[in-house]
Amino acid sequence: IQHLSTPKRRRVFRHTGWIEHEGRDVFLYQGGAVGAAGLEVDLPPPLDRFVLPAETGDVKEAIRTSLRLLECAPLEVTAPLLASVYVAPVATVLNPDVTVWLHGASGSMKSTLSALAQGHFGDFDRKTLSATWTSTENALENRLFILKDVLSVIDDYAPQADVRAQRELDRRVQRVLRNVGNRAGRGRLTAELTQRPERPPRGFLLCNGEELPPGVSINARLV
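Residues numbered from 1 in each chain as written. Predicted model: local features only at pLDDT ≥ 70, side-chain atom pairs only at ≥ 80, totals over all residues. Heavy atoms only, no water.

Q: Please provide a residue-by-residue account of the nonpolar core, values included.
A: Grouped together as the largest cluster of nonpolar side chains are 32 residues, with contacts concentrated most on Leu-28, Leu-39, Phe-50, Leu-81, Phe-121, Leu-151 and Leu-206. Only strand 3 (24-29), helix 2 (75-87), strand 6 (100-103), helix 4 (110-118), strand 8 (151-157) and strand 9 (204-209) provide two or more residues apiece to this core. Apart from the residues lying within four places of it in its own chain, the contact partners of Leu-81 are Leu-69, Leu-102, Leu-113, Ala-117 and Leu-206. Membership of the second largest hydrophobic core comes to 16 residues, among which are Leu-144, Tyr-157, Leu-177 and Cys-207. (Core = buried A, V, L, I, M, F, W, Y, C linked by side-chain atoms within 4.5 Å. Buried < 20%, exposed > 50% of the residue type's maximum accessible area, 1.4 Å probe, protein only. Helix = DSSP H or I, 4+ residues; strand = E, 2+ residues; numbered from the N terminus. Contact = heavy atoms within 4.5 Å.)

Q: Can you explain a nonpolar patch on the surface? Please cite residues and give values.
A: On the surface, a nonpolar cluster with roughly 260 Å² of combined accessible area is contributed by Val-59, Ile-63 and Leu-67. Looking at the secondary structure, you find Val-59 in helix 1 (residues 59-67). For Val-59, a relative accessible area of 47% gives the class partly exposed. (Patch = residues over 30% accessible without salt bridge, like charges linked within 9 Å, V, L, I, M, F, W, Y side chains within 5 Å. Areas by Shrake-Rupley, 256 points an atom, 1.4 Å probe, with all protein chains shown as cover. Salt bridge = Lys/Arg side-chain N within 4 Å of Asp/Glu carboxyl O.)

Q: Explain unusual backbone geometry to me, using residue names and the numbers behind them.
A: A negative phi angle characterises most non-glycine residues, just as the trans form characterises most peptide bonds. Each neighbour pair has its own omega, and for Pro-45 with Pro-46 the value is 0°, a cis peptide bond. Here Pro-46 lies in the loop between strand 5 (40-41) and helix 1.

Q: Describe in detail the sheet that holds strand 8, supporting the description with residues and values.
A: In space, the four strands of this open sheet follow the order 6-9-8-7, with parallel pairing throughout. Two strands bound the open sheet, and with one partner strand each, they are strand 6 and strand 7 (131-132). Sheet topology places strand 6 next to strand 9; four bridges connect them, and they run parallel. Counterpart to Val-100 in the pairing with strand 9 is Leu-206. Across the face of the sheet, helix 6 (residues 163-182) comes into contact with strand 6, strand 8 and strand 9 while running at roughly 160° to strand 8. (Pairing = 2+ DSSP bridges. Axes fitted to C-alpha atoms, helices over the stretch in contact; angles between N-to-C directions.)

Q: So what about the packing of aromatic side chains? Which residues, and what values?
A: What the rule picks out here adds up to four aromatic pairs. On the basis of an interplanar angle of 65° and a centroid distance of 4.8 Å, the ring pair of Phe-50 and Phe-124 is categorised as edge-to-face. Of this pair, Phe-50 sits in the loop between strand 5 and helix 1 while Phe-124 sits in the loop between helix 4 and strand 7, and the two are 74 residues apart along the sequence. One exposure class covers both Phe-50 and Phe-124, and it is buried. Every member of this aromatic cluster is reached through a ring pair, and the members are Trp-101, Trp-133 and Tyr-157. The lysine or arginine in question, Arg-202, covers the ring of Phe-145, its NZ or CZ lying 3.9 Å from the ring centre. (Phe/Tyr/Trp six-rings, centres within 6.5 Å; stacked < 30°, edge-to-face > 60°. Lys NZ or Arg CZ within 6 Å of the ring centre and 35° of its normal.)

So this is what it looks like as structure tokens:
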């Protein structure tokens, strides 16, 4: 079968962000790349919402629309929010060790503001953000690794009625934020005691919640 076949080799990327392709820097997104044609990118749901337009439109109008994010709330809220949008595409160059955290009461439009920021990188609204704090630690670590050079959002840190559930949530938050602050993943071994590849965060993280996470050192990593 191998002798008679003429197989076609495919290279499918499973992450976003910058890569070097044929001597040029190109930016991967779901289904293609900015700066090159014919590249295949296949992201798992719900990350397949990171889709960019196939063609460049009116650049000046796009910039004006982006800057209107500053008008959606007081400047002390929207300035860090818009800054996070523009830090994200150069995250692997700058290695930012902070996280932007939108903190406010329920109904204060935190998820909507987060969606307006993440909408610079794809098709998002407040119900379709890239992750929530109800996800497992491994799932969040994997998504932050896949989402290279884009804005990742983890939505809805809310106090839990059950003490054990609150403790688990806080442990999850601390692990994720420490990984972001250290720009490193958790070291793990296989069943044969060999080192697994680390999966560090590779984009920029925006979180929101009704409260701030516990811990002085954790809050020192937040904007």
